[in-house]
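As a plain string of letters, each chain reads:
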Amino acid sequence: RVFVSAQQISNGNATLILRRSAPRTSDGRPVCAAAPIRGLFLEQSRLSGYEEIKCFVPDVFPAPRVTWATEPPTFEDLRPVTRKHAKENGLFSVDSRLTKLKGRPDLIYICKMTTSYSRSTWTASLREREIAGTEGRDLTILCAAPTYLKNPSLYWTFSRGDNSTLILSYNSQSDRQVSAPSWDGHLELDIYKAKFGDGSLRLMDPRRSEHSGSYACEFSEKFSRHVERSQQKPSYWWILGVVAAGLVLVLAGLLAFLKLKEHSASCTV
């Protein structure tokens with residue numbers, strides 16, 4: 001819009017002021033000058049044999065700039081596909097997808113979004129892990145914060161099916177740790193290591209009926225969030241045990257049959 005003050009003209013000041021119009025919807029209604037990012041989300045999917053990570057944010061204006069990185073860094077071309085969809089209300093929905101690199105299960109995938117109206121960068125990252133253990137034996141579920149996080153809080157959750165439960169939390173500011181009562185005696189966190197980004201959790205005396213499922217740790221700060229999901233790897237030791245027990249029974253039966261046959265032969269003579 002063009003604006004000239006009549007009073008200024010009368011005083012000999014003909015300065016022309018240009019004011020930027022706010023974005024408008026399809027029916028002409030104005031949209032707020034900035035709709036800030038309120039949360040950045042990451043999720044993983046598997047399509048046609050490829051593993052893909054999606055980074056998305058809803059209802060923002062203006063549309064942010066999206067960049068991807070890995071930790072540790074890789075020289076391979078990541079080639080994300082980013083879509084910025086303008087909605088009828090003038091806001092944007094931003095969706096960026098990245099195919100995971102094959103043969104690199106240890107990588108942390110990092111998505112960053114920056115805006116023109118703020119110096120803050122929103123960051124979300126993800127790493128997938130596998131855990132394997134034997135019932136009754138202690139195991140350690142690994143979790144490590146990426147270097148871009150400086151003083152995050154830590155949350156551990158346990159999932160089975162559609163149910164997810166917070167089992168442990170650690171506040172780095174207050175140095176306070178809280179665990180769910182039903183998990184008392186089964187969880188151990190090294191608080192000293194957690195201060196420096198090692199949130200690995202020791203699971204003590206795990207029981208198949210209670211502790212088999214998926215574990216996730218989350219490090220979070222104001223504009224940053226890192227998640228590591230640990231899927232329990234199926235254990236086949238019980239199958240080997242059943243097979244071994246079956247073999248023992250077969251051998252015992254064979255020995256009994258041979259002894260009975262020998263006894264029958266001796267009686268006939």
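Residues numbered from 1 in each chain as written. Predicted model: local features only at pLDDT ≥ 70, side-chain atom pairs only at ≥ 80, totals over all residues. Heavy atoms only, no water.

**Here we look at the state of the cysteines**
So, step 1. Evaluation of the coordinates by the stated rule reveals 2 disulfides.
So, step 2. The disulfide partner of C55 is C111, and the gap between their sulfur atoms is 2.1 Å. What sets the handedness of the C55 and C111 disulfide is the S-S torsion sign, and at about -75° it is left-handed. Residue C55 is found in strand β4 (residues 50–60), and its partner C111 is found in strand β8 (residues 108–114); the two are separated by 56 residues along the sequence. Judged on exposure class, the residue C55 and its partner C111 are both buried.
So, step 3. In this model C143 forms its disulfide with C217; the gap between the sulfur atoms is 1.8 Å. On the sign convention where negative means left-handed, the S-S torsion of about 85° between C143 and C217 marks this disulfide as right-handed. Of this pair, C143 sits in the loop between β10 (139–141) and β11 (153–160) while C217 sits in strand β16 (residues 214–220), and the two are 74 residues apart along the sequence.
So, step 4. On the basis of relative accessible area, C143 is assigned to the buried category, the value being 1%. (Disulfide = S-S within 2.5 Å. Helix = DSSP H or I, 4+ residues; strand = E, 2+ residues; numbered from the N terminus. Buried < 20%, exposed > 50% of the residue type's maximum accessible area, 1.4 Å probe, protein only.)

**Brief notes about the pairing of strand β13 (residues 176–179)**
Moving residue by residue along a regular strand, the side chains alternate between the two faces of the sheet.
So, step 1. Pairing geometry for strand β12 (residues 163–171) and β13, over 4 bridges, is antiparallel. The partner of Y170 across the bridge, within β13, is Q177.
So, step 2. Following β12, the chain reverses through 4 residues before pairing antiparallel with β13; D175 in that reversal takes a positive phi of roughly 60°. (Pairing = 2+ DSSP bridges.)

**Focus on the confidence of the model for the protein**
So, step 1. On average, residues of the protein score 81 in pLDDT, and 72% of them are at 70 or above.
So, step 2. Note on residues 14–18: pLDDT is under 50 here. Beyond four places in sequence and across chains, it has 10 contacts.
So, step 3. Low confidence marks residues 235–245, where pLDDT is under 50. Its contacts with residues over four positions away, or in another chain, come to 3 contacts. (pLDDT = per-residue confidence, 0-100. Contact = heavy atoms within 4.5 Å.)

**Details of the sheet that holds β10**
Strand-to-strand pairing in sheets goes through backbone hydrogen bonds, with the strands running parallel or antiparallel.
So, step 1. The 3 strands lie next to each other as β10-β15-β14, forming an open sheet whose pairing is antiparallel. This sheet does not close on itself; its edge strands, each paired only once, are β10 and β14 (187–189). Between one strand and the next, the sheet's axes are offset by a mean angle of 30°, whatever the strand orientation.
So, step 2. The pairing of β10 with strand β15 (residues 201–203) spans 3 bridges and is classified as antiparallel. In the sheet register, L139 faces β15, and the bridge partner there is L203. (Axes fitted to C-alpha atoms, helices over the stretch in contact; angles between N-to-C directions.)

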